[in-house]
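Structural features, examined
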Amino acid sequence: MMIVRNSEARGHANHGWLDSHHTFSFGDYFDPSAMGFRALRVINEDRVAARSGFGAHPHRDMEIITYVLDGQLEHRDSLGSVGVLRAGEMQRMTAGTGVRHSEMNNSDEEVHFLQIWILPERTGLKPGYEQKEFPLAERQGKFRLVVSPEGQEGSLKVNQDLRLYSTVLGQGEKTDYTLAPGRHAWLQVARGAGTLNGVALKAGDGVAVSEESRLELSATEPLEVLLFDLG
């Protein structure tokens, strides 16, 4: 069973410096039928204008993954962590018992990124931070593991029964993924267009997958997707 959430169905907020699309309910956007999927709670596609961003603000009891598609984003938090996320880089922050952080675009160009919130396996975790680059060559034409519970295969570690994969396909290129019995998946199209098991998808679309075993992904134009394998 596959349920497509079209990009046009997402919530939208434009604050001038921030243009954001919400796959699930977030902020002032509320849709009782779109409160998340399994442990996946938020997927926001954000564009932040040059020389602006999110000032210091608090989080707790959430696993937050940030993935930059274009541009760069500077992260600072109350743990003393400082880093600049660039295209192709991903960050995992465990908010746990509480952390404050800022996300600023200090460049002269817009930054385009996905911010993902995942419910943790338990509350009260120790806050933590991790960042890594996943080169295009490692993701081209195949699903590359980028987030997992134990940090397998050089992935970032997340405190939840979730495995996140990234792939980039050229036009006409294909790849596939086998979903184990009892598992569920969410596929998010970051950019481009293609098909999943023959169903046409475009940038911003998401797909909830249950009771399927084989997922076949094909690119009708250059395509980049994230695939969440969820309990």
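Fair warning: this is a prediction, and the values are worked out from it, not measured in the lab.

**Considerations on the overall build of the protein**
The number of helices and strands found in the protein is one helix and 20 strands. The C-alpha radius of gyration of the protein comes to 17 Å, within 12% of the 17 Å expected for a compact globule of 231 residues. Within the protein, buried positions represent 55% of all 231 residues. When contacts within the protein are restricted to residue pairs at least 6 apart in sequence, those whose partners lie at least 24 apart make up 70%. Looking at the protein as shown, the accessible area adds up to about 10,000 Å², and 49% of this sits on carbon and sulfur atoms. Each charge sign in the protein was given a centre, from 24 positive and 32 negative side chains, and these centres are 4 Å apart.

**Let's talk about the environment of I118**
Tracing the backbone shows I118 in strand β11 (residues 111–118). C-alpha separation for the pair I118 and L73, spaced 45 residues apart in sequence, amounts to 20 Å. With residues up to four places along the chain from it excluded, the contact list for I118 reads A39, L40, M62, E63, I65, V158, Q160 and L162.

**Remarks on unusual backbone geometry**
If you check the backbone angles, E153 has positive phi at about 55 degrees while not being a glycine. Despite not being glycine, E211 shows a phi value in the positive range, around 55 degrees.

**Observations concerning the side chain of H57**
Here H57 shows up in strand β5 (residues 52–59). At a separation of 2.7 Å, a polar atom in the side chain of H57 contacts the main-chain carbonyl oxygen of G55. The residues contacting H57, other than those within four sequence positions of it, are V99, R100, H101 and E103.

**Comments concerning the UniProt feature "domain: Pirin N-terminal" (unreviewed entry) in the protein**
In the numbering adopted here, UniProt assigns the feature "domain: Pirin N-terminal" (unreviewed entry) to residues 7–118. Secondary structure within residues 7–118 divides into 0% helix and 59% strand; the distance between the first and last C-alpha atoms comes to 20 Å.

**Observations concerning the sheet that holds β5**
If you trace the four strands from one edge of the open sheet to the other, you get β5-β10-β7-β8, paired in antiparallel fashion. Two strands close off the open sheet at either side, each with one partner strand: β5 and β8 (82–86). Averaged over all neighbouring strand pairs, the angle between strand axes comes to 20 degrees, with direction disregarded. Of the pairings in the sheet, the one linking β5 to strand β10 (residues 99–105) comprises six bridges and is antiparallel in character. Note that in β10 the partner of G53 across the bridge is M104.

**A closer look at the sheet that holds strand β2 (residues 11–14)**
Read across the open sheet, the seven strands follow the order β2-β3-β4-β11-β6-β9-β12; overall the sheet is antiparallel. Only two strands of the sheet have a single partner each, and these edge strands are β2 and β12 (128–133). Mean inter-strand twist for the sheet, computed between neighbouring axes without regard to direction, equals 15 degrees. In the sheet, strand β9 (residues 89–94) pairs with β12 via six bridges, with the strands oriented antiparallel. Each residue of the ladder has a partner; that of M90, found in β12, is K132.

**Some thoughts on the nonpolar core**
By size, the foremost hydrophobic cluster in this structure holds 26 residues, and its most contacted members are M90, V147, L164, W186 and F228. F143, L187, L196 and V209 belong to the second largest nonpolar core, which has 19 residues in total.

**Some points on the packing of aromatic side chains**
According to the stated counting rule, one finds seven aromatic pairs in the structure shown. Ring centres of F26 and W117 lie 5.3 Å apart, and the angle between their planes is 80 degrees; this geometry places the pair in the edge-to-face category. Taken as a pair, F26 in the loop between β3 (18–22) and β4 (40–48) and W117 in strand β11 lie far apart in primary sequence, 91 residues in all. For F26, a relative accessible area of 26% gives the class partly exposed. For W117, a relative accessible area of 17% corresponds to the buried category. By the ring-pair criterion, three or more aromatic residues cluster together here, those being F24, F37 and W186.

**Details of the pairing of β9**
Where burial is concerned, most of β9 is hidden: six out of the six residues are buried. What you see with β9 is no split at all: E89, Q91 and M93 on one side and M90, R92 and T94 on the other are buried throughout. Here strand β6 (residues 63–70) runs beside β9; their pairing, made up of five bridges, is antiparallel. Note that in β9 the partner of I64 across the bridge is M93.

Rules of the game
- Residues numbered from 1 in each chain as written.
- Predicted model: local features only at pLDDT ≥ 70, side-chain atom pairs only at ≥ 80, totals over all residues.
- Heavy atoms only, no water.
- Helix = DSSP H or I, 4+ residues; strand = E, 2+ residues; numbered from the N terminus.
- Rg over C-alpha atoms; globule rule 2.2 N^0.38 Å.
- Buried < 20%, exposed > 50% of the residue type's maximum accessible area, 1.4 Å probe, protein only.
- Contact = heavy atoms within 4.5 Å.
- Areas by Shrake-Rupley, 256 points an atom, 1.4 Å probe, with all protein chains shown as cover.
- Lys, Arg positive; Asp, Glu negative; His and termini not counted.
- Charge placed at Lys NZ, Arg CZ, Asp CG, Glu CD.
- Polar contact = N/O pair within 3.5 Å; in protein donor to acceptor, adjacent residues only side chain to side chain.
- UniProt positions renumbered as here; feature names shortened; annotations may be inferred.
- Pairing = 2+ DSSP bridges.
- Axes fitted to C-alpha atoms, helices over the stretch in contact; angles between N-to-C directions.
- Core = buried A, V, L, I, M, F, W, Y, C linked by side-chain atoms within 4.5 Å.
- Phe/Tyr/Trp six-rings, centres within 6.5 Å; stacked < 30°, edge-to-face > 60°.

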